[in-house]
Amino acid sequence: MATLEIKDLHVEIDGKEILKGVNLTINTNEVHAIMGPNGTGKSTLASAIMGHPKYEVTQGEVLLDGENVLEMEVDERAQAGLFLAMQYPSEIAGVTNADFLRSAINARREEGDEISLMKFIKELDKTMEFLEMPEEMAQRYLNEGFSGGEKKRNEILQMMMIKPTFGILDEIDSGLDIDALKVVSKGINAMRGEGFGCLMITHYQRLLNYITPDYVHVMMQGKVVKSGGQELAQKLEAEGYEWIKAELGIEDTDTVTEEA
Amino acid sequence: MTVETKLALLVEEVRAFSQQHGEPQAFADFRANALQQAAELDLPKPDRTNISKWNFIDVATHTVESAAYASLDELPADVKAIIDAEAQQNLYIQRNNTPAFTRVSDALTAKGVIITDIQTAVRDHADLVEQYFMTTAVKVDEHKLTAYHAALVNGGVFVYVPRNVIVEEPIQVVFVHDNTEASLFNHVLIVAEQSSAVTYVETYISTVEEAKGQVNVVTEVIAKDNAQVTFGAVDNLTAGFTAYMNRRGHAERDAKIDWALGLMTSSDTIYENTTNLIGDNSTSDFKMATVGTGTQKLNFTTLIRQWGKNSDGQILKHGVMKDAAQSIFNGIGHIMHGGTKANAEQESRVLMLSEGARGDANPILLIDEDDVTAGHAASVGRVDPTQLYYLMSRGISQTEAERLVIHGFLAPVVTNLPIEGVKKQLTEVIERKVR
């Protein structure tokens, strides 16, 4: 079993504090969902864990099996087992999806022990078929000209090929039509198991109809303010966030604008 | 007022060099006369790059003596890694200033095709040399560097393709630089007679890391009526030269000159590429890719001048600047009066990978005729840090991420180069340069 521990995490962007002490522990074989209103720092949490250059951690730790990933470069975090499915994946012209994926897989292997082309293609074909992606997408340039849904599928394709220990999914469901949502969920569900833990960030309870979380957390004003099971998500869907504010005595302050 | 420059060689030395190589008297006079002009003429003025302080004159020595290659096995490993020399049917290798290996298929020789080093050409094909050597495409007295080149020519190659002859296999020329004292005053003269066709590829490789001399190369491509010349080059010389690379085309009626250039030399370099579309229906498609590194200064001036009616000029340039490299991409489409129905298009894209790198694109259209079409596109930008973050978030190192971005940025040029050999060589050279 592996553990991802977020301890008292404070994060600033351009000098403004967005995360104000997040605590969260995720084990493999668990799926956690983080919900919450816009601008409460959910995406900031995902980006800070992965090491986005714009986010500055001012306090706290993120431990992967006891190792502080905040001291690692972005690529080292990925190699240690983290994966972030991004809300707005970058487009890289001139680099094919297939070449990029092979580089990512080989980056985890020793020189001289690169994945064979045959094995790679076989696995890629199989995974793309599973995600109902047309074959030609392997040869298209990375995310270039992809629709919103294609980009999200492509994120899941990468996750399935790279096989991280922890997958963080930043609004993987936003803007997806129902068919795409089903496919994306199928991919995530296929990853579930002993060797995989998942943190899903979402605005919408609908995603949780397809991927049943073991834990649901609510974030407000830069903190996790409430945790529970699947039933918490259902209550949020039915009643909104006002009752939590009332229960915890949270007053609305100006919300932050989140960026990818 | 012109100030006379003190040149590296005296007239007597130039004449002695000429005599030593058994050149005809006329060529010795040509050199001596050019040297005189080099002293008086001004440097060229590449737009937006001030070269008045560049040292284009001093050489450690005019020529170095190198041993020829008895067989291709003797080629340095760096050369073998880039070129499959064994597979070349038509191959000329020059080592520093010495003709080191020549192989021309008998079939081509039987058809009258000439592929030879420039000094042999000056001796054995004096009539053709006299007719075309700096008479049609490039003139001696254009500026100090053309004149200096004419006076000091110490290498290069002559390719002559007779009327109606199609050279099926590319001609591969390799210029090996393995002596830090060497200066390369190479002259490449390609004459394609009416309705002939040839693909020529030249590769410059340094196997030493230091250079002290000059690179002053003049290339003349002359395509007569209905001839087709595809010219490929992979320049990969080391830092330390002051380099002037002039590659010029002269296309007559219905002729076509295409350029496929990978410009990866690490020295400060002025690249001047002009194609004159003289005849009606003549065309030129110019493609180049470059990667600038270190503190090198680069100027790429590409001009297609169109006199011919219905002529077509296409320029596509992509460049990546790393470290503190500085570059200017000048692109000029010039349609002359009378060139009705001509089309001139150009596109320049520059990507800067680091804070210290500089790149400027300067697209110019000069149109002296009404009934024409023309267009240009240019962009200059820095690498998007979120792109690198995205790639790195998949476990790819920063170096590898940059490598992917560079390959990706150059891909629209590299994958569309018309010569397979250049594509392969260039991909390998880029790989080595960005590693």
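Everything numeric in this text was worked out from a predicted model, so none of it was measured. (Residues numbered from 1 in each chain as written. Chains lettered and ligands numbered in written order. Predicted model: local features only at pLDDT ≥ 70, side-chain atom pairs only at ≥ 80, totals over all residues.)

Colleague: Help me understand the overall build of chain A in this model?
Modeller: Scanning chain A from terminus to terminus reveals 9 helices and 10 strands. For chain A, the C-alpha radius of gyration of 18 Å lies close to 18 Å, the compact-globule estimate for 260 residues. If one aligns the C-alpha atoms of chain A with their principal axes, the spans along those axes are about 60 × 40 × 35 Å. Counting only residues that meet the buried cut, chain A has 40% of its 260 residues in that class. For chain A, contacts bridging at least 24 residues in sequence account for 74% of all contacts bridging at least 6. (Helix = DSSP H or I, 4+ residues; strand = E, 2+ residues; numbered from the N terminus. Rg over C-alpha atoms; globule rule 2.2 N^0.38 Å. Buried ≥ 20, exposed ≤ 12 C-beta atoms within 10 Å, placed from the backbone. Contact = placed C-beta atoms within 7 Å.)

Colleague: Just checking my understanding: could you explain the sheet that holds strand 6 (residues 82–85) of chain A for this structure?
Modeller: Through backbone hydrogen bonds, the strands of a sheet pair up, either in parallel or in antiparallel fashion. Residue and element names in this part refer to chain A. Taken in spatial order, the 6 strands of this open sheet run 6-7-8-3-9-10, and their pairing is mixed. At either margin of the open sheet sits one strand with a lone partner, and together these are strand 6 and strand 10 (223–228). Shown here is a sheet whose adjacent strand axes are inclined to one another by a mean of 20 degrees, direction ignored. (Pairing = 2+ DSSP bridges. Axes fitted to C-alpha atoms, helices over the stretch in contact; angles between N-to-C directions.)

Colleague: Would you take a moment to explain helix 9 (residues 398–414) of chain B for this structure?
Modeller: Note on helix geometry: an α-helix contains 3.6 residues per turn, so any two residues three or four positions apart are oriented the same way. Compared with the 24 Å implied by 1.5 Å per residue over 17 residues, the 23 Å span of helix 9 of chain B between its first and last C-alpha is a close match. The largest bend along helix 9 of chain B measures about 25 degrees and falls at Gly-408 of chain B, with the proline Pro-412 of chain B one to four residues further on. Turning to helix 9 of chain B, its buried residues number three or more, namely Ala-401, Glu-402, Arg-403, Leu-404, Val-405, Ile-406, Gly-408, Phe-409, Leu-410, Val-413 and Val-414 of chain B. Tucked into the core, helix 9 of chain B has its buried residues touching helix 3 (97–106) of chain A together with strand 13 (283–292), strand 15 (312–321), strand 17 (343–352), helix 8 (385–392) and helix 10 (420–434) of chain B. (Expected span 1.5 Å × (residues − 1). Bend = angle between axes of the 7 residues up to and from the residue.)

Colleague: Even after reading the chapter, I still don't get the packing of helix 2 (residues 25–40) of chain B against helix 7 (residues 144–152) of chain B, so can you show me in this structure?
Modeller: Any two packed helices are characterised by how steeply their axes cross, that is the angle between the axes, and by the distance between the axes. Residues and elements named next belong to chain B. With their axes 7 Å apart at the nearest point, helix 2 and helix 7 run at an angle of 150 degrees to one another. Of the possible angle classes, the one that applies to helix 2 and helix 7 is roughly antiparallel. In terms of crossing hand, the pair formed by helix 2 and helix 7 is left-handed. Counting all contacts with helix 2, which are made through Phe-30, Arg-31, Ala-34, Leu-35, Gln-37 and Ala-38, the residues of helix 7 involved are Lys-144, Ala-147, Tyr-148, Ala-150 and Ala-151. Per-class residue counts for the contact of helix 2 with helix 7 are 8 nonpolar, 1 polar and 2 charged. (Parallel < 35°, antiparallel > 145°, perpendicular 65-115°, else oblique. Left-handed = near helix turned anticlockwise from the far one by under 90°. Nonpolar A, V, L, I, M, F, W, Y, C, P; charged D, E, K, R; others polar.)

Colleague: Help me understand the nonpolar core in this model?
Modeller: The nonpolar side chains of a soluble globular protein tend to be buried, and buried together. In this structure, Met-200 of chain A together with Val-159, Ile-190 and Val-229 of chain B are the most contacted members of the largest nonpolar core, which totals 203 residues. Looking at this core, the element that brings in the most residues is helix 9 of chain B, giving 8 residues. Among residues more than four places away in sequence, those in contact with Met-200 of chain A are Val-31, His-32, Ala-33, Leu-169, Ile-172, Leu-207, Ile-211 and Pro-213 of chain A. (Core = buried A, V, L, I, M, F, W, Y, C linked by C-beta atoms within 7 Å.)

Colleague: In this structure, what is going on with the interface of chain B and chain A? I would like to understand it.
Modeller: Listed as interface residues are 20 residues of chain B and, on the opposing side, 22 residues of chain A. Contributing elements (two or more residues each) for the side of chain B that touches chain A: helix 8 and helix 9 of chain B. If you tally residues by element for the side of chain B that touches chain A, the top one is helix 9 of chain B, at 9 residues. Each residue belonging to the side of chain B that touches chain A can be placed in one class, and the counts come to 10 nonpolar, 8 polar and 2 charged.

Colleague: Got a minute to help me understand unusual backbone geometry in this structure?
Modeller: Glycine aside, negative phi is the norm for most residues, and most peptide bonds take the trans geometry. Residues and elements named next belong to chain B. Residue Asn-310 is not a glycine yet carries a positive backbone phi of 60 degrees. In this fold, Asn-310 is placed in the loop between strand 14 (297–306) and strand 15. Of the residues examined, Asn-310 has 17 C-beta atoms within 10 Å and is grouped as partly exposed. Positive phi values are uncommon outside glycine, yet Lys-341 reaches one of about 65 degrees. Mapping Lys-341 onto the fold places it in the loop between strand 16 (326–335) and strand 17.

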